[in-house]
Each structure stands twice: as structure tokens, then as C-alpha cells.
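# Residue-level structure breakdown
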Amino acid sequence: MANRITLEVTRYNPAHDEKPRPDTYEVPLRKEWVVLDALNYIKDHLDGSLSFRWSCRMGVCGSCGMMVNGVPKLTCATFLSDYAPGPVRVEPMSHFPVLRDLVVDTSDFLVKLAKSKPWIIRKVEKPLDEEYFQTPEQMDAYKQFSMCINCMLCYAACPVYGLDPLFSGPAAIALAQRYNLDSRDQGASDRLDILSHHEGIWGCTFVGECTQVCPKNVDPAAAIQQYKLTATMEWLKALVLPRGAE
Amino acid sequence: MNNPTEYLPRSYHTRVSTYWWLARWAYVKFILREASSVFVAWIVVVTLLQIRALTRGPADYAELQNSLRSPLLLTLNAVSLAFVIFHAVTWFNLAPKAMVIRLRGKRLSSLAIAAPNYVAWVVISAAIAWILLRG
Amino acid sequence: MHKRSNEPFLWMLFSAGGVVSAMLMPIHVLLFGLAFPLGWLDAPSYEHLLALVRHPLTRVYLFILCSLPLFHWAHRFRFTLYDGLQIKHLNELINTFCYGGATLGTAVAAYLLWRIP
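Residues numbered from 1 in each chain as written. Chains lettered and ligands numbered in written order. Predicted model: local features only at pLDDT ≥ 70, side-chain atom pairs only at ≥ 80, totals over all residues.

When you go through chain A residue by residue, the secondary structure sums to ten helices and seven strands. Summarising its shape, the C-alpha atoms of chain A cover approximately 70 × 40 × 30 Å along the three principal directions. Counting every position in chain A, which comprises 246 residues, the buried fraction comes to 46%. Pairs at least 24 residues apart make up 67% of the contacts formed inside chain A by residues separated by at least 6 positions. (Helix = DSSP H or I, 4+ residues; strand = E, 2+ residues; numbered from the N terminus. Buried ≥ 20, exposed ≤ 12 C-beta atoms within 10 Å, placed from the backbone. Contact = placed C-beta atoms within 7 Å.)

Shown next as C-alpha cells:
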């Protein structure tokens, strides 16, 4: 194995640049290095102005999402040697506005996530000294969807999100479903009102790439299809029993 | 990003290319799957033409049979067959994702839901073939 | 409070059409599109087909075969035009063409099946 590899990294400084363009860097190719290590090497030794997000460096915080050779990846979980001999193209996550270099503006995701009301909603609160019990089966019902680390790789992979500004996106819908399926939650109808609005979930055409790129096996595509089925049942119920069905 | 200021400069919005679906094989497969719906509609048209010909009499029906033997229509229908089968396979493989069925506490796997669909497909197809061929 | 969308209804038609086209179309295309024209199998006679088609159950079967798949096409094609050609701004035109087309096809099917002697 060669001991160097070339990275083509997107650079964009809004103060000087009209649009993003790639810069080339040659970094050491160490067997155990991930793409994030290469980026930190560039920042430490080659070009201190390179900007990118990262934090835990172990695949749990969701900060370091970027496009590596056109595929959304967590750079802390993507081995450099898998791309030997290179070059490796590192670009900011697709479908988000680029703030600088590899840093994107994620506020649209945060707005849409909040619309899903990703918290336990109770119609009737329990007294503070009473616990919510949950069997293993009840937890199993939503556990997979709770593994989401909000890394937004699914948004970078979803063509509908890239094309339709009103689409809520995979993670937001998967997290809505996570709470809908939680036995402690009573807020399913609240979420439905917001998400079943035209573009909320119905823009999804089950491309399925969100599930393919998810580093936590959340399977957001499945969550969305299940949500469509739920929304359809609710629509039928509302048709047959209007008003009094609450 | 609305008003760029000294401290919040203009962000860059990359336009999605018209050819976004060519960038990855997964996207190409997706578009092919969606395109299968056009061939589904074509088969409906063929079926309607057959019904109309049956209504008009044996001569009309024989004429339609002849057109179906032309190289153009044979090719079109062969391609339609490929797409319709592609639709069926992708449909049976993906539909289970929407259904969460629990048996004795454990969730049924996608295969457990898809398999009966495939069996039904074979049985129904055989039944239709038998009805058509026995006359 | 948002007004609840009627997309679920269209999605139901799309799903039903998807099941019908998946289960029934392959054998139809295989037989009528290839096997009979190419002589792999003996084509059923005109009399046999007419007798079959006259039966009310067959008419219902054919109506389902010709209507639901059209709505499946309508829904899928609409989203393909939105996302594939990025012409979502023409959504009124697209929706009319797709769902209108499917409705028209359904009406034609109903008419033809009604008029069988």
C-alpha cells in the first residue's frame, strides 16, 4: 500500500469566492486513519483555514457528515484506505446551503425536526411520583427509530429533499414515528396534523437511499412507509366517523 | 439565509442537476422502477384494445392478433413484460416495509411477508393461464 | 390546524393499482404479448374469449385490471415528473393530465365492458 493519498476537498469562502471549488492536498495514508483524520492532518499541517464540523470521532454525535466520493458518510467512520489509491473527493453534504468549506447550514432540518414534535406528548399527565412502565416488547416497537443521531446523511441522500423544499425529510418523519410508537406517548394525532399536510410525508417516493446511508440502521424509509399507512388509516377513520372519533 | 451581513455571509445554494438521477446506480434503478408505470399503462391500453376488438367481431379480433405479431409490438410488449416483472419484484420486496405485523411478540421479517405474495403471484398467474388455455 | 390532505386517498389508489399490476399483469403480458403471437402456446379461440368476457365476473375482473393500474401509473408518473423533470411548478397541469387520464381510461373501460354483446 502506498503511503500517501490525495484528497480533493471543497473550499468556499463566501467573502472571496463566487462558488465552491476543490483544492488538492496530499496526506499520509495510515492503515487505521479515517477521512476525518486526513482532514485534521490538512488543518494541522497544510492549510489551517479549512473548516469542517466534527466532535466525538466515534460515530455517535452525528456532526461529521460529508460527501465522500459522492456518497454521504460520517467521516469519522470512513476508512481512508478503502479509497486507496485515491484521489478522494470530500464535499459538503448535499441539499444544504454551504456556509463555508465543508460546513453546511442545517437550520432547515432543525425547523422540520421541531415540527415533528420529537418528545413525549401526554394528554393526561401522570403525577410526578408515578413511573411510566414499559415492557421490552413495547420498547422494541420504537427502538430502531430512536437510534437516530441527527447526522442528516439521509437528507443528503434523499433526492426529494433536494428538490422539494417543503418535504419534511427522512429523519424528521422517522423520529415522529419513534414517538408515535412509544407506548408512553399520546401525541400521534398532533403530529399527524402537521406531517400529513401535502408535502410533509407524501412527497416521499420510497427511493430508499436514506436507509442505505444511515450509519445507525434506523431504516427511515420503513418509518415513512409505516407512517403513510397510519395516516391513510386515520384518513379513512375520519371519513367514516367524522368529528366524534377522537 | 436571508440578509447577508458582515458576520453572516451569503451561503451557497447548489442547484440540483436535471440529471441527478444518473449520478448513482441506486437512483437509476429507482427511476427505472418508476418508469415501469408507463409500461403498466401501455398494457392497460392493449387490454382495452383487445376488449374493443372482441366486441366488434372475429375479423377485428384477428386483425388485432396480427398487429400483435408485428416486430414493433412484439418488442414493445417484450420490454413491457420485463418492466412489469421488475415492478412486481420490487413491489413485493418493498411493500413489507410498510407493514409491521407481530406474531407472538416478534416482528415478522420482510421475507416472511414477501414470500406469501410471491406464492400468491404464482398461483394467480397459473389460474389465469389455465382459464385462458382450457377453451 | 392544517387541513388534512387528501393525498392518502390517492396513495391508496396507487397502492391498490400496484398490487393489481404486480399480481395480474405479468401473466397477461406473457400470454397475450408474447406466447400467443409467437405461437409458443395455442391462442384461445375468439369464441372462447368472447364467452369468458361476457361473464359478469370477468367483466369485473377486467374493470379492476384496467382501472386501478391506471391510477397507479397516474400517481407514480406525477411524482416522476415532479422529481425527474423538476416541473413541479406545473403541478396543476400534471395532476389534471395524470389523474384525469386515469379517470378517462377508467370510463373507457367501463363503457367497453358494458357494451359487450
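This part is about the pairing of strand β4 (residues 71-74) of chain A. Residues and elements named next belong to chain A. Two elements, strand β3 (residues 65-68) and β4, share four bridges in a ladder whose sense is antiparallel. Across the sheet, residue M67 finds its bridge partner in β4, namely P72. With antiparallel pairing between neighbouring strands as the criterion, β3 and β4 make up a hairpin whose turn holds two residues, including N69 at a positive phi of roughly 50°. (Pairing = 2+ DSSP bridges.)

Okay, the interface of chain B and chain C next. Tallying the contact residues gives 42 residues for chain B and 45 residues for chain C. The element contributing the most residues to the side of chain B that touches chain C is helix α1 (residues 25-56) of chain B, with 15 residues.

The next subject is the nonpolar core. Within soluble globular proteins, side chains that are nonpolar tend to cluster in buried spots. If you look at the biggest cluster of nonpolar residues, it comprises 74 residues, and the most contacted ones within it are A:V35, A:V90, A:M152, A:C154, A:A171, A:I173 and A:L175. Lining this core are residues from two domains, each supplying at least three of them: domain 1 (4-104) and domain 2 (107-240) of chain A. Contact partners of A:V90, with chain neighbours within four places excluded, come to A:L7, A:V9, A:T10, A:V35, A:L39, A:M66, A:V68 and A:L102. Counting residues in each nonpolar core, the second largest holds 44 residues, with B:F83, B:A88, C:L68 and C:C98 among its members. (Core = buried A, V, L, I, M, F, W, Y, C linked by C-beta atoms within 7 Å. Domains from an automatic or database assignment.)

Moving on: the interface of chain B and chain A. In many reports, interface size means the accessible area that the parts give up when they come together. Between chain B and chain A, the contact holds 18 residues from the first and 24 residues from the second. The element contributing the most residues to the side of chain B that touches chain A is α1(B), with three residues. Each residue belonging to the side of chain B that touches chain A can be placed in one class, and the counts come to twelve nonpolar, three polar and three charged. (Nonpolar A, V, L, I, M, F, W, Y, C, P; charged D, E, K, R; others polar.)

Turning our attention to the sheet that holds β4(A). Residue and element names in this part refer to chain A. The mixed open sheet is built from five strands, whose spatial order is β2-β1-β5-β3-β4. Among the strands making up the open sheet, the edge pair consists of β2 (21-28) and β4. For this sheet, the mean inter-axis angle between neighbouring strands, taken without regard to orientation, is 35°. Relative to strand β5 (residues 88-91), β3 runs antiparallel, the two sharing two bridges. Looking across to β5, one finds that V68 is bridged to V90. Here helix α1 (residues 35-46) sits on the sheet in contact with β1 (4-11), β2, β3 and β5, set at roughly 95° to β2. (Axes fitted to C-alpha atoms, helices over the stretch in contact; angles between N-to-C directions.)

Turning next to the confidence of the model for chain B. Per-chain confidence: chain B averages 91 in pLDDT, with 93% of residues scoring 70 or above. Two summary scores accompany this predicted model of the complex, namely pTM at 0.92 and ipTM at 0.93. (pLDDT = per-residue confidence, 0-100.)

A few words on the pairing of β5(A). Bridging between β1(A) and β5(A) involves three bridges; their strand directions are parallel. Pairing of A:V9 across the sheet is with A:V90, part of β5(A).

This next bit is on unusual backbone geometry. All names here are of chain A. A cis amide bond links A84 to the next residue, P85, at an omega of 0°. Within the element layout of this structure, P85 appears in the loop between β4 and β5. The linkage connecting G86 with the following residue, P87, adopts the cis geometry, with an omega of 0°. Note on placement: P87 falls in the loop between β4 and β5. Although it is not a glycine, H95 adopts a positive phi angle of roughly 70°. For H95, a count of 24 C-beta atoms within 10 Å translates into the label buried. Positive phi outside glycine occurs at D219, with the angle close to 60°. Here D219 shows up in the loop between α9 (209-213) and α10 (220-240).

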